[in-house]
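# Tertiary structure, described
Read off the chains here:
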Amino acid sequence: MSHELIAITMFATMLVLMLTGQRVFAVIGFVGAAAAALLYGEGAIEMPFNAAFKLFNWYPLLTLPLFVYMGYILSESGIADDLYKAFHVWFGGLKGGLAVGTIGLMVVISAMNGLSVAGMAIGATIALPEMLKRGYDKIMITGVIQAGSSLGILVPPSVVLVLYGMIARQPVSQLWLAGAVPGLMMATLFVIYIVVRCRMQPHLGPAIPEDERDMPMGEKLKLLRAGIIPFLIFFFMTGLFIMGITSLVESSAVGATSATIAALVKRRLNKDVMEQTLRKTLGISCMFLWIILAALCFGAVFDGIGAVRAIESLFITRWDLSPWEVLIMMQLSYIFMGMFLDDTAMLVIVAPLYVPLIIALGFDPIWYGVLYTITCQIAYMTPPFGYNLFLMRAMAPKEISLPDIYRSIIPFVAVMTFGLMIVMAFPQVALWLPEYVRGIR
Amino acid sequence: MPKPIVLYVKYVDFASEKCGRLAMLLVFVMIGVLLLDAVTRNIINFPLSWCVEMAQFTMAAYYILGGPYSMQMGDHVRMDLVYDRCSEKTKAILDIATSGTLLFYLSCLLFGSVSSTIYAIETGQRKFSMWNPSMIPIKLIMVFGITLMLLQAISMLFKDISKARGQAITHEGEQPTV
């Protein structure tokens, strides 16, 4: 069997088994282990376990459980309630203002956490019920929360960029800085979309009556204090890391600790909250880490059959594509596969194939990391397989149905694709900040 | 279901739960060790070489020991395009049909972990670093965790079989998939 045929068979088997609804890690692990045994014989039976030691050496992944823990503590800590109130009063008067405020809230949360889990939890429990009560259109706000929380992996810190950094061997601090401006740009695009849409169709997001938001200017300014704790957490966690004082894994421990302290100060930490946080942290972390473990085995087999060179020869020799066409093909194939296959596993399996090619074609791997992350964001939201979709379904109030959730993402995916094109066309959007910081060091 | 199977399910589920609830607390060990590292390195300028490695070991123990409990709770994500629309009974039948994948993968993991542990014990393997710790304890922990994962997978299979026959083994804690 030719190597290409093996690769296609592996992917096809994985896809078919995924459709049966078996656990993702079991499907990927099985295909990897079975392919290894068939290709390399008995000795390869140890390959799945050897992946555990690769994972062992990827110690920056320690940030994953710590960020998950931090996300759940933050969502319980009451920080988000104060922030939401501030955004409510300051933006409520605008048509669609609460949705704009929610995007603001999501940006602040994203700056404190590297996954979309925290944003989803906060959005679905605090912002969503509040906006539903005010007569906001349920489809629009469902999309707002999914799109807004996906900024968690683009605005620093970001676990996806940590994973990418390990695969592409690029410094995480540079990658995080590269995500900052595109993240804010993406948030701005969301805001523009919401404002324009609500200007045209005011019933989607009615303004909050004056008397409800009316309070003396002094009170209004006091509400801004809600931003102090998030800023401190951002500074101690990401700030100290970018300045080179704490290492990456230390910074996530500092972040987890400061979030816990914030929750203690706000007197929100009780036995029940702690129990819930620890249990959910274990569940989500185990899910991701077992998938990565299985994907590493799958990836090792792929690597062994020379898939990197196969893709290179397919794109460059056989199809005769220009560098830009190769890049676009990669993004398209990633979005397509990300729809049906697990996004984390895709990162572990596909990135090692694409990154060497990207570097060989003369593209900047830091910039590609940002493109990759935005593509990931889109994949997180596109059915049938997306983490944000799953979370939304588990957390959304009853009146929001599955078709609502699916429909809600369409405009936001369009906006994100537009954002992706901007970053592709103007690499400086991503690269300016990391280059500037490198310059002053 | 025959009584030995019911007992098997009961005890394995119990062991997974206890083990997982212990693993849950390891998150504090990771935070603590890394915080200690940050403080000693930056504030009192006394770098400790073992902290990050200790955290690495802890994370391995965390997800391996937590795996069985998280599987029992239904935390492992599935592609549910078709699955989600099925009845509980059909879901059980689908899971039985594909349980071979899970069992095969976990068996390979177990085989690999055992042979790697035997190697570590025979050669007194140590991690090549400044701290230079023995690899035996973590490998033993992983063998234990993977064994429990396999036992848990078999327990789930028994539960699915009884569900498919329309008489669920009663158990607490399991939730539908996310």
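All figures in this text were calculated on a predicted structure; none of them were measured in a lab.

How each quantity is defined
Residues numbered from 1 in each chain as written. Chains lettered and ligands numbered in written order. Predicted model: local features only at pLDDT ≥ 70, side-chain atom pairs only at ≥ 80, totals over all residues. Heavy atoms only, no water. Helix = DSSP H or I, 4+ residues; strand = E, 2+ residues; numbered from the N terminus. Rg over C-alpha atoms; globule rule 2.2 N^0.38 Å. Areas by Shrake-Rupley, 256 points an atom, 1.4 Å probe, with all protein chains shown as cover. Contact = heavy atoms within 4.5 Å. Lys, Arg positive; Asp, Glu negative; His and termini not counted. Charge placed at Lys NZ, Arg CZ, Asp CG, Glu CD. Phe/Tyr/Trp six-rings, centres within 6.5 Å; stacked < 30°, edge-to-face > 60°. Buried < 20%, exposed > 50% of the residue type's maximum accessible area, 1.4 Å probe, protein only. Buried area = accessible area lost by both parts, 1.4 Å probe. Salt bridge = Lys/Arg side-chain N within 4 Å of Asp/Glu carboxyl O. Polar contact = N/O pair within 3.5 Å; in protein donor to acceptor, adjacent residues only side chain to side chain. Nonpolar A, V, L, I, M, F, W, Y, C, P; charged D, E, K, R; others polar.

## Concerning the overall build of chain B
A tally of helices and strands in chain B yields five helices and zero strands. Against the 2.2 N^0.38 benchmark of 16 Å for 178 residues, chain B shows a C-alpha radius of gyration of 20 Å, more extended than a compact globule. Considered along the principal axes of its C-alpha atoms, chain B spans approximately 65 × 40 × 30 Å. Carbon and sulfur atoms form 68% of the exposed surface of chain B, whose accessible area is close to 8,300 Å².

## Considerations on the overall build of chain A
The secondary structure content of chain A amounts to 23 helices and zero strands. If you line up chain A on its principal axes, its C-alpha atoms span 75 × 50 × 45 Å. Expressed as a percentage of contacts within chain A between residues at least 6 apart in sequence, the contacts between residues at least 24 apart total 81%. Looking at chain A as shown, the accessible area adds up to about 16,000 Å², and 66% of this sits on carbon and sulfur atoms. With 27 positive and 26 negative side-chain charges, chain A shows a spacing of 7 Å between the two charge centroids.

## A look at the packing of aromatic side chains
Applying the stated criterion to the full structure yields 29 aromatic pairs over all chains. Taken together, a centroid distance of 5.5 Å and an interplanar angle of 80° make the contact between A:Phe30 and B:Phe104 edge-to-face. Taken together, the residues A:Phe30 in helix H2 (residues 24-40) and B:Phe104 in helix H4 (residues 88-123) connect one chain to another. For B:Phe104, a relative accessible area of 31% puts it in the partly exposed group. Here A:Trp324 and A:Phe363 contribute two aromatic rings whose centre-to-centre distance is 5.5 Å and whose plane-to-plane angle is 80°, an arrangement assigned as edge-to-face. Remark: A:Phe363 occurs in the loop between helix H18 (343-360) and helix H19 (365-381) and A:Trp324 occurs in helix H17 (residues 323-340); sequence separation between them is 39 residues. The partly exposed category is assigned to A:Trp324, whose relative accessible area is 40%. Members of the aromatic cluster, connected to one another through ring pairs, are A:Phe49, A:Phe53, A:Phe56, B:Trp50, B:Phe57 and B:Trp131.

## With respect to the interface of chain A and chain B
Taken together, the contacts link 61 residues of chain A with 66 residues of chain B. Of the roughly 5,900 Å² buried between chain A and chain B on both sides combined, carbon and sulfur atoms contribute 75%. Measuring nitrogen to oxygen at the nearest pair gives 2.8 Å for the salt bridge that ties B:Arg41 to A:Glu250. Where chain A meets chain B, there are 13 residue pairs in polar contact (both at pLDDT 80 or more). Elements with a contribution of two residues or more to the side of chain A that touches chain B: helix H1 (3-19), H2, helix H3 (47-57), helix H4 (63-76), helix H14 (248-265), helix H15 (271-304) and helix H20 (387-395) of chain A. Element by element, the count of residues in the side of chain A that touches chain B is highest for H15(A), at 15 residues. In the side of chain A that touches chain B, the residues fall into 43 nonpolar, 11 polar and seven charged.

In short, geometric facts, not functional conclusions.
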